[in-house]
Amino acid sequence: MQENWTHKMSISVTHNYTDQPEPEFSAEKLLEVQRFINMYPEGKQKSALMRILHLAEEEFGGWLSVPTMNYVARLLNIQPIEVYEVATFYTMFNIEKPGKVVLEVCRTGPCMLVGSDQIIEYIENKLDIKVGQTSADGMFTLKTAECLGACGYGPMLQCGKHYHEHLTPAKVDELLDTLRKEHSDK
Amino acid sequence: MGRKLLLEHANVPGIETFEVYRRNGGYRSVEKALKTMSPQNVVEEVQASGLRGRGGAGFPTGMKWSFLAKPEGVPRYLLCNADESEPGTFKDRYLMEKIPHLLIEGMIVSSYALGCNQSYIYIRGEYMWVLEIVEKAIAEAYANGFLGKNILGSGYDLDLAIAPGGGAYICGEETALIESLEGKRGNPRIKPPFPAVKGLWGCPTVVNNVESIAAVVPIVNDGGAEYAKIGIGKSTGTKLISACGNLVKPGVYEIELGLSVEEFIYSDEWCGGIANGKKIKACVPGGSSVPILPANLITKTAEGTDRLMTYESLAEGGFATGSMLGSGGFIVFDEDQCIVRNTWNFARFYAHESCGQCSPCREGTGWMEKVLRRLEHGQGHMHDIDLLAEINKKIEGNTICPLGDAAAWPVAAAIRHFREEFEWHVTHPDEAVKRNFGIASNHMPLV
Ligand SMILES: Cc1cc2nc3c(=O)[nH]c(=O)nc-3n(C[C@H](O)[C@H](O)[C@H](O)COP(=O)(O)O)c2cc1C
Ligand code: SF4
Ligand code: FES
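If you're wondering where the values come from, they're calculated on a predicted model, not measured in any experiment. (Residues numbered from 1 in each chain as written. Chains lettered and ligands numbered in written order. Predicted model: local features only at pLDDT ≥ 70, side-chain atom pairs only at ≥ 80, totals over all residues. Heavy atoms only, no water.)

**A look at the domain arrangement of chain B**
All names here are of chain B. Rules: Domain segmentation is taken from an automatic or database assignment of domains. Note on contacts: a residue pair is in contact if any heavy atoms of the two residues lie within 4.5 Å. Throughout, buried area stands for the accessible area (probe radius 1.4 Å) lost by two parts on being put together, summed over both. Salt bridges, as used here, are contacts in which a Lys or Arg side-chain nitrogen is within 4 Å of a carboxyl oxygen on Asp or Glu.
Taken domain by domain, chain B comprises domain 1 (18–229), domain 2 (232–334) and domain 3 (339–443). The distance between the C-alpha centroids of domain 1 and domain 2 comes to 27 Å. Contact with domain 1, which involves 21 residues of that partner, is made by 24 residues of domain 2. Three residues stand out in domain 1 for area buried against domain 2, namely R52, R54 and F90, and they jointly supply 31% of the buried area on that side. Run the count over domain 1 and domain 2 and you get two salt bridges. Residues R52 and E312 are paired through a salt bridge, measuring 2.9 Å at the closest nitrogen-oxygen approach.

Printed below as a string of structure tokens:
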């Protein structure tokens, strides 16, 4: 998954194929979907794709399986390939199932100047994994990200919708403990 | 203290709500424009203000607006560029998070000026919580009659919606942004046609940065001439600078253009100097795409005059001894930082973010990253340094969008000013590896 930019044109989603049935949004979420579609003129419903993919990840286990993408295609009345194209282009979308909690540490210059390399190394050692891997208990997936727009508050990481800034090893310890507690019974 | 036109009320408690924002003079520009000005009047005020695009290129906003094609019966669109992904830049996030109604107010008057009835804010996907803040503010603006049908009884209708990206720097490029907003991969389009003629869904479109749009509010309130009084020459008004790196007080500052770089870096009112009592080694003053400046060219130009925070002064000396104001992402390096490592880091960023549709950029950024990686890790050769320059030349000017150039120029500048450091990495391979930089994140095989 990491460092695959030279293969950007050829990422395939078919290896994610499962014969699971397509998931479905709840009635309440379908109203949200309709609201997203209504933001665009008639016939331009494809513009709502990214917003719906974010929602689908949130609702269906933190990633986009082929059945999930097929379902979204059906909702928007577009071809499944149009969804795969988008899901593989944008780095935020997971096309493989990650751990329960995904940690994305910014690795770009400004964060590096204030110690992001050391934070990445610290988390790697603590969880006994390398960037791109998931901890043995399936809890944490560690990734790196490019500049997340928090450069003055680094080192930082993103976890779901939240930014955690001014990281130190002590803060990382605390964060991992909290996250582990929050997610252990899910 | 300099004048603040955008962030003056940013720290008023509750300013993110309609009520408090309105009580602090919010939405006055909408009343003024819709009730007393024609759309053309608004465009003229923006032209008179001398406002230049705050997204990086510094193109005059009023002039850009005057290019918008206006064929009968075809809708026009205003898109706000809130993709903000240029390393070192985090000002738009600050503005939207703190004072979201300012952006919405700017979108209303700007859309009115351009004759758009539907506008969008495209925000990077990682800023999902900011999206939620802005979307809440949009709902309040609708509820109070500042969006929707017949705004303030003027007969003008405007719908405003917000769309997220999905993690792709390239979507900040305006045609990639349009593609992305159409629900596709963010591959930039070949220009011409320019968006002003054929943009979103084939209709005339203007793309402007968050800060440019917010600046239209004080311009309409006080008049373009008043705005133009701030600043020096063609650098008018105030600018948000996001300062980061090894500074005592990194953060987002609104400065009057024309402030001296020396004062900005060292005065306690602004960044407060270099962190940990260290000395400055280099500075990238306008986001990762602009040339790096070595210590002797940061606060002074090559001619020995004071370097100022203006488009012109930062560019003085051209590529040989100058840089650019760019997006205002001001990155400061202390004396312990390794330029080779940082150049590699930025090259890796561009290689990662290249959309891949032109070979010079897709392959070239990848090659530069590989060569820089082996230099940084003590496995490079002297001729690698010239090889980098060679790759540079193959990318520059041979691509669909400016990302290729943006990747090539910083490497060229780093070699120009810090060649000995690159050479040192070749002549001292063991020390280059042993320096105490955590290299745990580098699992890629060296080639
Ligand atoms: C690779 C690339 C990335 C860009 N990223 C951004 C961005 O994140 N935000 C932005 O406002 N402009 C960005 N731009 C500039 C936009 O293409 C466009 O010029 C700008 O949004 C115009 O707004 P302005 O005239 O108000 O500055 C980028 C340009 C390129 C080539
Ligand atoms: S220059 Fe690079 S980013 Fe721009 S269109 Fe070409 S491949 Fe894509
Ligand atoms: S460099 Fe890490 S958030 Fe910008």
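**A word on the domain arrangement of chain A**
Domain parsing of chain A yields domain 1 (5–89) and domain 2 (101–184). Averaged C-alpha coordinates put domain 1 of chain A and domain 2 of chain A at centres separated by 27 Å.

**So, the site of ligand 2**
For clarity, the cut-off: Proximity is defined per residue: any heavy atom of the residue falling within 4 Å of a molecule or strand makes that residue near it. All amino acids are sorted into three groups, where Ala, Val, Leu, Ile, Met, Phe, Trp, Tyr, Cys and Pro are nonpolar, Asp, Glu, Lys and Arg are charged, and the leftover types, Gly among them, are polar.
Taken together, 13 residues are adjacent to ligand 2, and B:C355, B:C358, B:C361, B:T399 and B:C401 come closest. For the shell around ligand 2, the class distribution of residues is eight nonpolar, five polar and no charged.

**A short note on helix α7 (residues 128–143) of chain B**
Residues and elements named next belong to chain B. What counts, and what does not: A helix here means a DSSP run of H or I that spans at least four residues, while a strand means a run of E at least two residues long, and both kinds are numbered starting from the N terminus. To estimate how far a helix should reach, multiply one less than its number of residues by 1.5 Å. Three labels apply to residues, based on accessible area from a 1.4 Å probe with only protein chains included: buried if under 20% of the type maximum, exposed if over 50%, partly exposed otherwise in between.
When the terminal C-alpha atoms of α7 are compared, their 23 Å separation across 16 residues agrees well with the 22 Å that a helix rising 1.5 Å per residue should span. Among all positions in α7, only M128, W129, V130, L131, V134, E135, A137, I138 and A141 are buried. Remark: G145 follows α7 within two positions and exhibits a positive phi of approximately 75°.

**Notes on the interface of chain A and chain B**
Many structure descriptions define interface size as the accessible area lost when the parts assemble. Facing 49 residues of chain A, the contacting portion of chain B comprises 70 residues. When chain A packs against chain B, the two sides together hide about 5,000 Å² of surface, and 58% of this comes from carbon and sulfur. Counting the contacts that link chain A with chain B gives five salt bridges. Residue B:R93 is joined to A:E165 by a salt bridge in which the shortest nitrogen-to-oxygen separation is 2.9 Å. Mapped onto the side of chain A that touches chain B, the elements with two or more residues apiece are α2 (49–59), α4 (80–89), α5 (109–113) and α6 (116–127) of chain A. Sort the elements by how many residues they give to the side of chain A that touches chain B and α6(A) lands first, with five residues.

**Some remarks on the site of ligand 1**
All names here are of chain B. The condition that has to hold: What qualifies as a polar contact is a pair of N or O atoms within 3.5 Å, subject to a donor-acceptor requirement within protein and to the restriction that residues adjacent in sequence count only when both atoms come from side chains. Here, Shrake-Rupley sampling with a 1.4 Å probe gives the accessible areas, and only protein chains in the shown set may cover a residue.
Close to ligand 1 lie 17 residues, the nearest being G55, N81, N208, N209 and S212. E84 has a polar backbone atom sitting 3.1 Å from an oxygen atom of ligand 1. One nitrogen or oxygen atom from the main chain of G172 is found 3.2 Å from a nitrogen atom belonging to ligand 1. Starting from 600 Å² of accessible surface for ligand 1 in isolation, the protein chains cover 88%. For the shell around ligand 1, a count of residues per class yields three nonpolar, eight polar and six charged.

**Observations regarding the pattern of salt bridges**
Residues and elements named next belong to chain B. If you walk through the whole model with that rule in mind, you get 41 salt bridges over all chains. For E126, the salt bridge goes to R124, with nearest N and O atoms at 3.0 Å. With its nearest N and O atoms 3.0 Å apart, the salt bridge here joins E182 to R189. Each of R54, K91, D92, E211 and K239 takes part in a single network of salt bridges with overlapping partners.

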